[in-house]
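Below, each chain spelled out in residue letters.
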Amino acid sequence: MKPVRQHILKTEIFRFRQFAINQSGAAMKVGTDGMLLGAWVKPGNAETILDIGTGTGLLALMLAQISLARIDAIEIDENAFLQAKENFDNSPWKDRLYAIHTSLQSLSENNTKKYDLIIGNPPFFEIANEEKGNNPIKMNKTRAVARATDSLPLEDLAKCSAKLLSREGKLYIILPIQSADNFISLANNYGLRLQEILSIKSREDTKTIRVIMGFGFNKPNQVIENEFVIYDIINKYSAEYIELTKEYHSKDFSV
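Residues numbered from 1 in each chain as written. Predicted model: local features only at pLDDT ≥ 70, side-chain atom pairs only at ≥ 80, totals over all residues. Heavy atoms only, no water.

Chemist: Just to check I follow, could you spell out the side chain of Q83 for this structure?
Modeler: For Q83, the location among the structural elements is in helix α3 (residues 78-89). Polar side-chain contacts of Q83 include one of 3.2 Å to the backbone nitrogen of S24. (Helix = DSSP H or I, 4+ residues; strand = E, 2+ residues; numbered from the N terminus. Polar contact = N/O pair within 3.5 Å; in protein donor to acceptor, adjacent residues only side chain to side chain.)

Here it is as structure tokens:
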């Protein structure tokens, strides 16, 4: 049985319990990858958070709902940046959400601030291997930029994150399973140690397709490993997905 592709929510305005996402101008719509990452990560007492490649602003808004942190959300695509800024301005937390039109590379070169938490759903082309007939060369140009590893190579992601992360801070990212070992090695080169990993499967009977990985500068005694299944056997959202995201969804997502 083939894995179910990421569920993309294509409505122009997607309403959550405490905020709304206007995604009419965004290349990358709200989807399960972002929802899983935003719901899985717990900011705790983080005072400063960086959202890499914010897109619609989803991750920043999810973390703003459950924290008191100042959140900087960077985006290289101008349309997405403007969309995120609009979504931030219309949220209850607009006084501590900041959309910044810049790349991670530029931010790390020009900024001395350290972040307690860095989170990102970074761009990748590997998704094309999972979506039959989806040739990256034929993709919409803006969507291609959002998914192209050329705009943010994994080594830059590791290097820049290590530079911007506070000594006790955490980096969380979601990647295709085939990129995981490479990124773990790159992160290790810059002093970031894998501390936890969540293996994500479409269904119980399929292989792992994504991983959420948590890194920090301190090497753990043991890496925390967990597994997560998105859909049940009839392709409805699993009970664990509904439970994980219940603080955000404004309707019953079991149907």
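Chemist: So what exactly am I meant to see when it comes to α3 here?
Modeler: Count 3.6 residues to each turn of an α-helix, and residues three or four apart come out pointing the same way. Look at α3: 16 Å from first C-alpha to last across 12 residues, which is about the 16 Å you get at 1.5 Å a residue. Within α3 the residues assigned to the buried category are A80, F81, Q83, A84, N87 and F88. Looking down the long axis of α3, one finds its buried residues gathered within 165 degrees of arc, a one-sided arrangement. Contacts made by the buried residues of α3 are with β2 (20-22), α2 (58-65), β4 (70-75) and β5 (97-101). One side-chain oxygen of the residue at the start of α3 lies 3.3 Å from the amide nitrogen of N79, identifying that residue as D77. (Expected span 1.5 Å × (residues − 1). Buried < 20%, exposed > 50% of the residue type's maximum accessible area, 1.4 Å probe, protein only. Arc of directions from axis to C-beta. Contact = heavy atoms within 4.5 Å.)

Chemist: Any chance you could explain the nonpolar core here in plain terms?
Modeler: Buried together is how nonpolar side chains tend to be arranged in soluble globular proteins. If you look at the biggest cluster of nonpolar residues, it comprises 40 residues, and the most contacted ones within it are F16 and F19. Those elements that provide at least two residues to this core are α1 (32-40), α2, β4, α3, β6 (115-120), β7 (165-176), β8 (193-201) and α8 (239-245). The element that contributes the greatest number of residues to this core is α2, accounting for seven residues. Counting 29 residues, the second-largest nonpolar core is a separate cluster that includes A158, L165, V211 and F215. (Core = buried A, V, L, I, M, F, W, Y, C linked by side-chain atoms within 4.5 Å.)

Chemist: Looking at this structure, how should I read helix α7 (residues 177-189)?
Modeler: Listed in full, the buried residues belonging to α7 are S179, A180, F183, L186 and A187. Tucked inside the fold, the buried residues of α7 contact α6 (154-164), β7 and β9 (208-216). Note on α7: the residue one or two positions beyond its end, G191, has a positive phi of about 85 degrees.

Nothing here speaks to function; it is all geometry.
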